[in-house]
Amino acid sequence: PLPTLEIRSSITSAADSSTSVTGRDFALQYCERGRKSLAAKDYAQARSAYKIAVEWDAQLAIAHSGLAQVYTQIQDYENALVEWDLAIAIDRSQIDFYYQRALLSKLLKNYYQVLADCKLILERDPHHPSARWLNAVALVKTENYQIALFNLNQHIDIYPQDPNGYCYRGICYERVGQFTEALADLDRAIALRPRQPVFHHARGRTRQQLGDLPGALADFNLTIEHKPHAAVYDDRAEVHRCLGDYLAALQDCDKAIELNPKSIGTYFRRGLTYAELGDLELALADYTTTIDLDPEYIQAYIQRSWIYFRKAEYDRAKRDCQSAIALDQG
(Lines give C-alpha, C1' and ligand atoms only; values in the text may rest on other atoms or scores of the structure.)
Protein backbone atom coordinates (compact mmCIF):
# COMPACT_ATOMS: atom_id res chain seq x y z
CA PRO A 1 0.00 0.00 0.00
CA LEU A 2 1.00 3.67 -0.47
CA PRO A 3 2.51 5.47 2.51
CA THR A 4 -0.16 7.05 4.70
CA LEU A 5 0.61 10.67 3.78
CA GLU A 6 0.41 9.91 0.07
CA ILE A 7 -2.91 8.12 0.48
CA ARG A 8 -4.38 10.99 2.47
CA SER A 9 -3.11 13.51 -0.06
CA SER A 10 -4.69 11.65 -2.99
CA ILE A 11 -8.00 11.27 -1.17
CA THR A 12 -8.02 14.95 -0.17
CA SER A 13 -7.51 15.86 -3.81
CA ALA A 14 -10.42 13.61 -4.73
CA ALA A 15 -12.54 15.36 -2.13
CA ASP A 16 -11.71 18.74 -3.63
CA SER A 17 -12.75 17.58 -7.10
CA SER A 18 -15.96 15.81 -6.15
CA THR A 19 -18.65 17.34 -3.99
CA SER A 20 -20.62 14.07 -3.97
CA VAL A 21 -18.01 12.27 -1.87
CA THR A 22 -18.35 12.86 1.87
CA GLY A 23 -15.99 12.61 4.80
CA ARG A 24 -17.91 9.57 5.94
CA ASP A 25 -17.23 7.90 2.58
CA PHE A 26 -13.49 8.35 3.11
CA ALA A 27 -13.80 7.23 6.73
CA LEU A 28 -15.52 4.04 5.60
CA GLN A 29 -12.74 3.40 3.07
CA TYR A 30 -10.16 3.67 5.83
CA CYS A 31 -12.26 1.42 8.06
CA GLU A 32 -12.13 -1.22 5.34
CA ARG A 33 -8.36 -0.81 5.15
CA GLY A 34 -8.22 -1.14 8.91
CA ARG A 35 -10.38 -4.25 8.87
CA LYS A 36 -8.14 -5.98 6.32
CA SER A 37 -4.98 -5.00 8.20
CA LEU A 38 -6.48 -6.22 11.46
CA ALA A 39 -7.35 -9.56 9.85
CA ALA A 40 -3.75 -9.78 8.57
CA LYS A 41 -2.49 -8.98 12.11
CA ASP A 42 -0.76 -5.85 10.83
CA TYR A 43 -1.78 -3.89 13.91
CA ALA A 44 0.33 -0.79 13.22
CA GLN A 45 -1.28 -0.33 9.80
CA ALA A 46 -4.73 -1.13 11.20
CA ARG A 47 -4.37 1.46 13.94
CA SER A 48 -3.18 4.08 11.45
CA ALA A 49 -6.13 3.41 9.13
CA TYR A 50 -8.74 3.54 11.89
CA LYS A 51 -7.23 6.73 13.34
CA ILE A 52 -7.50 8.42 9.95
CA ALA A 53 -11.09 7.19 9.70
CA VAL A 54 -11.83 8.88 13.02
CA GLU A 55 -10.23 12.09 11.72
CA TRP A 56 -12.56 12.01 8.73
CA ASP A 57 -15.62 11.21 10.83
CA ALA A 58 -15.37 11.17 14.61
CA GLN A 59 -18.99 9.98 14.86
CA LEU A 60 -18.42 6.71 13.01
CA ALA A 61 -18.93 3.94 15.56
CA ILE A 62 -17.22 1.22 13.53
CA ALA A 63 -14.03 3.29 13.40
CA HIS A 64 -13.92 3.43 17.19
CA SER A 65 -14.82 -0.25 17.52
CA GLY A 66 -12.05 -1.09 15.06
CA LEU A 67 -9.56 0.91 17.10
CA ALA A 68 -10.78 -0.85 20.24
CA GLN A 69 -10.06 -4.22 18.64
CA VAL A 70 -6.58 -3.11 17.59
CA TYR A 71 -5.77 -1.81 21.07
CA THR A 72 -7.00 -5.05 22.58
CA GLN A 73 -4.73 -7.08 20.31
CA ILE A 74 -1.67 -5.01 21.26
CA GLN A 75 -2.73 -5.21 24.95
CA ASP A 76 -3.32 -1.47 25.31
CA TYR A 77 -6.45 -2.15 27.33
CA GLU A 78 -6.91 1.35 28.69
CA ASN A 79 -7.23 2.86 25.20
CA ALA A 80 -9.33 -0.11 24.07
CA LEU A 81 -11.83 0.65 26.82
CA VAL A 82 -11.93 4.32 25.84
CA GLU A 83 -12.72 3.37 22.24
CA TRP A 84 -15.48 0.94 23.24
CA ASP A 85 -17.01 3.68 25.37
CA LEU A 86 -16.95 6.04 22.38
CA ALA A 87 -18.41 3.42 20.02
CA ILE A 88 -21.26 2.72 22.45
CA ALA A 89 -21.94 6.43 23.04
CA ILE A 90 -22.31 6.89 19.28
CA ASP A 91 -24.38 3.76 18.57
CA ARG A 92 -26.18 2.22 21.55
CA SER A 93 -28.06 -0.23 19.33
CA GLN A 94 -25.09 -2.54 18.76
CA ILE A 95 -25.30 -5.33 21.32
CA ASP A 96 -21.92 -6.65 20.27
CA PHE A 97 -20.25 -3.42 21.38
CA TYR A 98 -21.53 -4.02 24.91
CA TYR A 99 -20.45 -7.65 24.76
CA GLN A 100 -16.94 -6.75 23.60
CA ARG A 101 -16.66 -4.15 26.35
CA ALA A 102 -17.81 -6.76 28.86
CA LEU A 103 -15.12 -9.17 27.64
CA LEU A 104 -12.50 -6.46 28.05
CA SER A 105 -13.83 -5.57 31.51
CA LYS A 106 -13.57 -9.23 32.51
CA LEU A 107 -9.95 -9.22 31.36
CA LEU A 108 -9.38 -6.14 33.55
CA LYS A 109 -11.26 -7.83 36.43
CA ASN A 110 -13.84 -5.03 36.48
CA TYR A 111 -16.65 -7.48 37.14
CA TYR A 112 -19.28 -4.89 38.05
CA GLN A 113 -18.93 -3.35 34.59
CA VAL A 114 -19.28 -6.85 33.15
CA LEU A 115 -22.53 -7.26 35.07
CA ALA A 116 -23.82 -3.87 33.90
CA ASP A 117 -23.11 -4.62 30.23
CA CYS A 118 -24.49 -8.16 30.41
CA LYS A 119 -27.65 -6.90 32.12
CA LEU A 120 -28.29 -4.56 29.20
CA ILE A 121 -27.58 -7.28 26.64
CA LEU A 122 -29.88 -9.81 28.34
CA GLU A 123 -32.67 -7.25 28.64
CA ARG A 124 -32.57 -6.91 24.85
CA ASP A 125 -31.81 -10.54 24.07
CA PRO A 126 -32.65 -12.88 26.99
CA HIS A 127 -31.34 -15.87 25.01
CA HIS A 128 -27.86 -14.45 24.34
CA PRO A 129 -25.83 -17.48 25.56
CA SER A 130 -22.41 -15.82 25.58
CA ALA A 131 -23.65 -12.86 27.61
CA ARG A 132 -25.41 -15.17 30.06
CA TRP A 133 -22.19 -17.14 30.54
CA LEU A 134 -20.13 -13.99 31.01
CA ASN A 135 -22.75 -12.71 33.44
CA ALA A 136 -22.56 -15.96 35.44
CA VAL A 137 -18.75 -15.76 35.66
CA ALA A 138 -18.93 -12.16 36.89
CA LEU A 139 -21.56 -13.13 39.47
CA VAL A 140 -19.24 -15.84 40.80
CA LYS A 141 -16.32 -13.40 40.93
CA THR A 142 -18.44 -10.89 42.86
CA GLU A 143 -19.64 -13.67 45.23
CA ASN A 144 -23.28 -13.50 44.13
CA TYR A 145 -23.47 -17.28 44.17
CA GLN A 146 -27.23 -17.85 44.35
CA ILE A 147 -27.92 -15.62 41.34
CA ALA A 148 -24.98 -17.18 39.52
CA LEU A 149 -26.53 -20.62 40.07
CA PHE A 150 -29.65 -19.55 38.18
CA ASN A 151 -27.59 -18.43 35.18
CA LEU A 152 -25.35 -21.51 35.29
CA ASN A 153 -28.37 -23.84 35.35
CA GLN A 154 -29.57 -22.22 32.13
CA HIS A 155 -26.10 -22.43 30.60
CA ILE A 156 -25.80 -26.14 31.41
CA ASP A 157 -29.27 -26.81 30.00
CA ILE A 158 -28.07 -25.35 26.69
CA TYR A 159 -24.52 -26.74 26.81
CA PRO A 160 -24.66 -29.99 28.81
CA GLN A 161 -21.18 -31.01 27.64
CA ASP A 162 -19.40 -27.82 28.74
CA PRO A 163 -17.06 -28.72 31.63
CA ASN A 164 -16.59 -25.05 32.57
CA GLY A 165 -20.29 -24.74 33.36
CA TYR A 166 -20.11 -27.65 35.82
CA CYS A 167 -16.91 -26.28 37.36
CA TYR A 168 -18.37 -22.83 38.01
CA ARG A 169 -21.62 -24.31 39.31
CA GLY A 170 -19.61 -26.62 41.55
CA ILE A 171 -17.72 -23.62 42.91
CA CYS A 172 -21.04 -21.88 43.62
CA TYR A 173 -22.40 -24.93 45.43
CA GLU A 174 -19.20 -25.16 47.48
CA ARG A 175 -19.42 -21.49 48.46
CA VAL A 176 -23.02 -21.81 49.66
CA GLY A 177 -22.27 -25.00 51.60
CA GLN A 178 -23.91 -27.55 49.29
CA PHE A 179 -20.85 -29.76 49.20
CA THR A 180 -22.48 -32.94 47.86
CA GLU A 181 -23.87 -31.06 44.85
CA ALA A 182 -20.52 -29.32 44.40
CA LEU A 183 -18.63 -32.60 44.34
CA ALA A 184 -21.03 -34.10 41.78
CA ASP A 185 -20.55 -31.11 39.44
CA LEU A 186 -16.79 -31.06 39.81
CA ASP A 187 -16.59 -34.82 39.20
CA ARG A 188 -18.60 -34.21 36.03
CA ALA A 189 -16.30 -31.38 34.92
CA ILE A 190 -13.21 -33.55 35.43
CA ALA A 191 -14.83 -36.48 33.59
CA LEU A 192 -15.42 -34.17 30.62
CA ARG A 193 -11.94 -32.62 30.76
CA PRO A 194 -9.48 -34.68 32.83
CA ARG A 195 -6.42 -33.21 34.54
CA GLN A 196 -7.59 -29.60 34.27
CA PRO A 197 -5.80 -27.85 37.19
CA VAL A 198 -8.61 -25.38 37.92
CA PHE A 199 -11.14 -28.21 38.19
CA HIS A 200 -8.93 -30.22 40.53
CA HIS A 201 -8.24 -27.22 42.74
CA ALA A 202 -11.98 -26.59 43.12
CA ARG A 203 -12.66 -30.27 43.80
CA GLY A 204 -9.83 -30.36 46.34
CA ARG A 205 -11.48 -27.53 48.27
CA THR A 206 -14.80 -29.37 48.21
CA ARG A 207 -13.24 -32.65 49.32
CA GLN A 208 -11.54 -30.78 52.13
CA GLN A 209 -14.90 -29.40 53.27
CA LEU A 210 -16.34 -32.92 53.21
CA GLY A 211 -13.47 -34.20 55.37
CA ASP A 212 -11.82 -36.22 52.60
CA LEU A 213 -8.31 -34.93 53.31
CA PRO A 214 -6.42 -37.60 51.28
CA GLY A 215 -8.69 -36.87 48.29
CA ALA A 216 -8.15 -33.12 48.72
CA LEU A 217 -4.40 -33.66 48.93
CA ALA A 218 -4.42 -35.67 45.69
CA ASP A 219 -6.32 -32.89 43.88
CA PHE A 220 -4.03 -30.16 45.21
CA ASN A 221 -0.95 -32.18 44.24
CA LEU A 222 -2.18 -32.49 40.68
CA THR A 223 -3.00 -28.76 40.55
CA ILE A 224 0.48 -27.81 41.75
CA GLU A 225 2.06 -30.23 39.29
CA HIS A 226 0.36 -28.54 36.33
CA LYS A 227 -0.37 -24.97 37.49
CA PRO A 228 1.30 -23.95 40.78
CA HIS A 229 0.06 -20.73 42.39
CA ALA A 230 -0.18 -19.19 45.84
CA ALA A 231 -3.81 -20.11 46.59
CA VAL A 232 -3.35 -23.84 46.01
CA TYR A 233 -0.16 -23.94 48.11
CA ASP A 234 -2.13 -22.22 50.87
CA ASP A 235 -4.98 -24.74 50.58
CA ARG A 236 -2.57 -27.69 50.59
CA ALA A 237 -0.80 -26.25 53.62
CA GLU A 238 -4.05 -26.42 55.56
CA VAL A 239 -4.57 -30.06 54.55
CA HIS A 240 -1.02 -30.91 55.67
CA ARG A 241 -1.64 -29.10 58.96
CA CYS A 242 -4.88 -30.97 59.56
CA LEU A 243 -3.10 -34.26 58.81
CA GLY A 244 -0.40 -33.36 61.36
CA ASP A 245 2.38 -32.94 58.78
CA TYR A 246 3.52 -29.57 60.10
CA LEU A 247 6.82 -29.37 58.25
CA ALA A 248 5.07 -29.91 54.91
CA ALA A 249 2.51 -27.29 55.95
CA LEU A 250 5.30 -24.77 56.67
CA GLN A 251 6.96 -25.46 53.32
CA ASP A 252 3.69 -24.81 51.49
CA CYS A 253 3.03 -21.64 53.51
CA ASP A 254 6.52 -20.37 52.67
CA LYS A 255 5.93 -21.06 48.98
CA ALA A 256 2.52 -19.37 49.01
CA ILE A 257 4.01 -16.26 50.65
CA GLU A 258 6.91 -16.27 48.19
CA LEU A 259 4.39 -16.21 45.33
CA ASN A 260 2.07 -13.74 47.03
CA PRO A 261 3.59 -11.75 49.90
CA LYS A 262 0.15 -10.27 50.70
CA SER A 263 -1.53 -13.65 51.19
CA ILE A 264 -3.07 -12.67 54.54
CA GLY A 265 -4.58 -16.05 55.40
CA THR A 266 -1.28 -17.80 54.76
CA TYR A 267 0.52 -15.80 57.45
CA PHE A 268 -2.24 -16.72 59.88
CA ARG A 269 -2.09 -20.39 58.86
CA ARG A 270 1.70 -20.41 59.24
CA GLY A 271 1.27 -18.84 62.67
CA LEU A 272 -1.05 -21.65 63.68
CA THR A 273 1.46 -24.19 62.45
CA TYR A 274 4.35 -22.59 64.34
CA ALA A 275 2.20 -22.52 67.49
CA GLU A 276 1.43 -26.22 67.10
CA LEU A 277 5.17 -26.86 66.80
CA GLY A 278 5.74 -24.83 69.97
CA ASP A 279 7.63 -21.97 68.28
CA LEU A 280 5.65 -19.14 69.85
CA GLU A 281 7.94 -16.30 68.74
CA LEU A 282 7.56 -17.16 65.06
CA ALA A 283 3.85 -17.68 65.56
CA LEU A 284 3.62 -14.26 67.22
CA ALA A 285 5.44 -12.65 64.28
CA ASP A 286 3.04 -14.19 61.77
CA TYR A 287 -0.07 -13.18 63.74
CA THR A 288 1.29 -9.64 63.93
CA THR A 289 1.91 -9.59 60.18
CA THR A 290 -1.64 -10.84 59.63
CA ILE A 291 -3.02 -7.98 61.72
CA ASP A 292 -0.77 -5.44 60.00
CA LEU A 293 -2.15 -6.55 56.63
CA ASP A 294 -5.73 -6.83 57.87
CA PRO A 295 -6.51 -4.97 61.12
CA GLU A 296 -9.96 -6.61 61.22
CA TYR A 297 -8.73 -10.22 61.24
CA ILE A 298 -10.44 -11.29 64.49
CA GLN A 299 -8.89 -14.76 64.78
CA ALA A 300 -5.39 -13.29 64.58
CA TYR A 301 -6.09 -11.12 67.63
CA ILE A 302 -7.48 -14.13 69.50
CA GLN A 303 -4.47 -16.33 68.70
CA ARG A 304 -1.98 -13.54 69.44
CA SER A 305 -3.67 -12.82 72.78
CA TRP A 306 -3.18 -16.47 73.72
CA ILE A 307 0.56 -16.23 73.02
CA TYR A 308 0.84 -12.99 74.98
CA PHE A 309 -0.94 -14.72 77.86
CA ARG A 310 1.53 -17.62 77.69
CA LYS A 311 4.37 -15.08 77.82
CA ALA A 312 2.76 -13.39 80.86
CA GLU A 313 2.31 -10.16 78.85
CA TYR A 314 -1.16 -9.70 80.27
CA ASP A 315 -1.76 -6.09 79.19
CA ARG A 316 -1.08 -6.96 75.56
CA ALA A 317 -3.23 -10.08 75.84
CA LYS A 318 -6.06 -7.97 77.27
CA ARG A 319 -5.78 -5.38 74.48
CA ASP A 320 -5.96 -8.09 71.81
CA CYS A 321 -9.02 -9.64 73.49
CA GLN A 322 -10.68 -6.23 73.59
CA SER A 323 -9.89 -5.65 69.92
CA ALA A 324 -11.39 -9.04 69.00
CA ILE A 325 -14.56 -8.33 71.01
CA ALA A 326 -14.94 -4.85 69.49
CA LEU A 327 -14.56 -6.20 65.96
CA ASP A 328 -17.02 -9.02 66.64
CA GLN A 329 -19.61 -6.61 68.03
CA GLY A 330 -19.01 -4.07 65.30
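The structure this text deals with has already been given above.
Below you will find a few notes about this structure. From a predicted model like this one, the values you see are computed outputs, not experimental measurements.

With that settled, consider the side chain of Asn135. Tracing the chain through its elements places Asn135 in helix H8 (residues 129-141). Apart from residues lying up to four places away in sequence, Asn135 is in contact with Leu115, Cys118, Leu122 and Asn151.

Looking now at the environment of Gln208. With respect to the helices and strands, the residue Gln208 is situated in helix H12 (residues 197-209). The sequence separation of Gln208 and Glu238 amounts to 30 residues, and the corresponding C-alpha distance is 9.3 Å. Once residues within four sequence positions are removed from consideration, Gln208 is found in contact with Leu213, Ala216, Phe220, Asp235, Glu238 and Val239.

This brings us to the packing of helix H14 (residues 230-242) against helix H15 (residues 246-259). Taken N-terminus to C-terminus, the directions of H14 and H15 make an angle of 165°; their axes are 8 Å apart at the nearest point. Taken together, the axes of H14 and H15 are roughly antiparallel relative to one another. As H14 packs across H15, the resulting crossing turns out to be left-handed. Contacts between H14 and H15 involve Ala230, Tyr233, Asp234, Arg236, Ala237, His240 and Arg241 from the first element and Tyr246, Ala248, Ala249, Asp252, Cys253, Lys255, Ala256 and Leu259 from the second.

Bringing the layout of surface pockets into the picture now. Counted as a void, the largest pocket has a volume near 720 Å³. Looking at the largest pocket, it is lined by 22 residues, and the ones nearest its centre are Lys141, Ile171, Arg175, Val198 and His201. Listed by contribution, the elements that provide at least two residues to the lining of the largest pocket are H8, helix H10 (163-175), H12 and H14. In terms of residue count, H12 provides more of the lining of the largest pocket than any other element does, six residues in total. Empty space within the second largest pocket amounts to approximately 160 Å³. A per-element tally of the lining of the second largest pocket places helix H6 (residues 95-107) first, with four residues. In terms of residue class, the lining of the second largest pocket is built from six nonpolar, four polar and no charged.

Right, let's talk about the pattern of salt bridges for a bit. Scanning the model with the defined rule gives 25 salt bridges in all. The salt bridge involving Asp117 is made with Arg101; its shortest N-O contact spans 2.7 Å. Highlighted residues: Asp117 in helix H7 (residues 111-124) and Arg101 in helix H6, separated in sequence by 16 residues. The shortest N-O distance in the salt bridge between Lys119 and Glu123 comes to 2.6 Å. Here Lys119 pairs with Glu123, and both are found in helix H7, just four residues apart, close to one helical turn.

Inspection of every chain in the model, using the stated rule, returns six aromatic pairs. Ring centres of Trp84 and Phe97 lie 5.7 Å apart, and the angle between their planes is 50°; on these two criteria the pair is classed as tilted. Separated by 13 residues along the polypeptide, Trp84 in helix H5 (residues 77-90) and Phe97 in helix H6 bring together distant segments of the chain. Here the two residues Trp84 and Phe97 agree in accessibility, since each one is buried. Aromatic pair Phe268 and Tyr297: ring centres 5.1 Å apart, planes at 40°, arrangement tilted. With a gap of 29 residues between them, Phe268 in helix H16 (residues 264-276) and Tyr297 in the loop between helix H17 (280-293) and helix H18 (298-310) connect regions that are remote in the sequence. A relative accessible area of 22% places Tyr297 in the partly exposed class. Three or more aromatic residues joined by ring pairs make a cluster, and in this case those are Phe268, Tyr287 and Tyr297.

Here we come to the nonpolar core. In this structure, Val140, Leu152 and Cys172 are the most contacted members of the largest nonpolar core, which totals 56 residues. In terms of residue count, the dominant contributor to this core is H8 (seven residues). With sequence-adjacent residues up to four places away left out, Leu152 is seen in contact with Trp133, Ala136, Val140, Gly165, Tyr168, Arg169 and Cys172.

Our focus in this paragraph is the state of the cysteines. Per the stated rule, a full pass over the model turns up zero disulfides. The cysteine Cys167 is free of any disulfide, with Cys172 supplying the nearest cysteine sulfur at 9.8 Å.

Cut-offs used in this document
- Residues numbered from 1 in each chain as written.
- Predicted model: local features only at pLDDT ≥ 70, side-chain atom pairs only at ≥ 80, totals over all residues.
- Heavy atoms only, no water.
- Helix = DSSP H or I, 4+ residues; strand = E, 2+ residues; numbered from the N terminus.
- Contact = heavy atoms within 4.5 Å.
- Axes fitted to C-alpha atoms, helices over the stretch in contact; angles between N-to-C directions.
- Parallel < 35°, antiparallel > 145°, perpendicular 65-115°, else oblique.
- Left-handed = near helix turned anticlockwise from the far one by under 90°.
- 1 Å grid on protein atoms, 1.4 Å probe; cavity = no way out; pocket = protein on both sides within 12 Å on 5 of 7 lines; lining within 4 Å.
- Points joined across faces, edges and corners; volume = space filled by probe spheres on them.
- Nonpolar A, V, L, I, M, F, W, Y, C, P; charged D, E, K, R; others polar.
- Salt bridge = Lys/Arg side-chain N within 4 Å of Asp/Glu carboxyl O.
- Phe/Tyr/Trp six-rings, centres within 6.5 Å; stacked < 30°, edge-to-face > 60°.
- Buried < 20%, exposed > 50% of the residue type's maximum accessible area, 1.4 Å probe, protein only.
- Core = buried A, V, L, I, M, F, W, Y, C linked by side-chain atoms within 4.5 Å.
- Disulfide = S-S within 2.5 Å.

Any functional reading would require information that these geometric values do not contain.
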